[in-house]
Amino acid sequence: MNYKFKLGTIIADDIDKSIDFYQNVLGFKLIRKFYQEEGGLCLLKSPDGASIELIDSKAFPTGFWSLGMEVDDFEAAINDLREKGMSFIYGPEELPLGKLAGIEDPNGVKIMVLSLNDD
């Protein structure tokens, strides 16, 4: 399953748990990971080239509002997420502009999986 988005930054409570989520649930590849005095930082890349930055720092509040991730086959994506043990916080629902469902990552960040209508 290919989940597509361009970039997002997330402040993580547990950077390793977050890395595991993005790699094993959404198929991202860890590109870079390093630690500095203020905390850790890593960059992950999705199969379509979009990037996400995870920051492990107590200087900022944990989380991010949401990330929008488009899929070509909505039903296949919903089945893929269910098979991976994900619970939906929103939908799946059909809306005038397309189909939408929401999940949360380990930090409570809302991820909206969507498939837009062609018209």
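Residues numbered from 1 in each chain as written. Predicted model: local features only at pLDDT ≥ 70, side-chain atom pairs only at ≥ 80, totals over all residues. Heavy atoms only, no water.

K.L.:
Could you give an account of the nonpolar core, naming the residues involved and the relevant values?
P.N.:
In this structure, Tyr22, Leu26 and Leu81 are the most contacted members of the largest nonpolar core, which totals 28 residues. Of all elements in the fold, only α1 (15-24), β3 (39-45), β4 (51-57), β5 (66-70), α2 (74-83), β7 (98-104) and β8 (110-116) reach the threshold of two or more residues within this core. Not counting residues up to four positions away in its chain, the partners in contact with Leu26 are Tyr3, Phe21, Met69, Leu81 and Ile111. (Core = buried A, V, L, I, M, F, W, Y, C linked by side-chain atoms within 4.5 Å. Buried < 20%, exposed > 50% of the residue type's maximum accessible area, 1.4 Å probe, protein only. Helix = DSSP H or I, 4+ residues; strand = E, 2+ residues; numbered from the N terminus. Contact = heavy atoms within 4.5 Å.)

K.L.:
Which residues make up the packing of aromatic side chains, and what values go with them?
P.N.:
Counted by the stated rule, this structure contains two aromatic pairs. Relative to Tyr22, the ring of Phe21 lies with its centre 4.9 Å away and its plane at 85 degrees, an arrangement referred to as edge-to-face. Relative accessible area serves as the criterion here: at 0%, Tyr22 is assigned to the buried category. An angle of 75 degrees between the planes, with centres 5.7 Å apart, marks the rings of Tyr22 and Phe28 as edge-to-face. When sorted by exposure, Tyr22 lands in the same class as Phe28, which is buried. Counting every residue linked through ring pairs, the aromatic cluster contains Phe21, Tyr22 and Phe28. (Phe/Tyr/Trp six-rings, centres within 6.5 Å; stacked < 30°, edge-to-face > 60°.)

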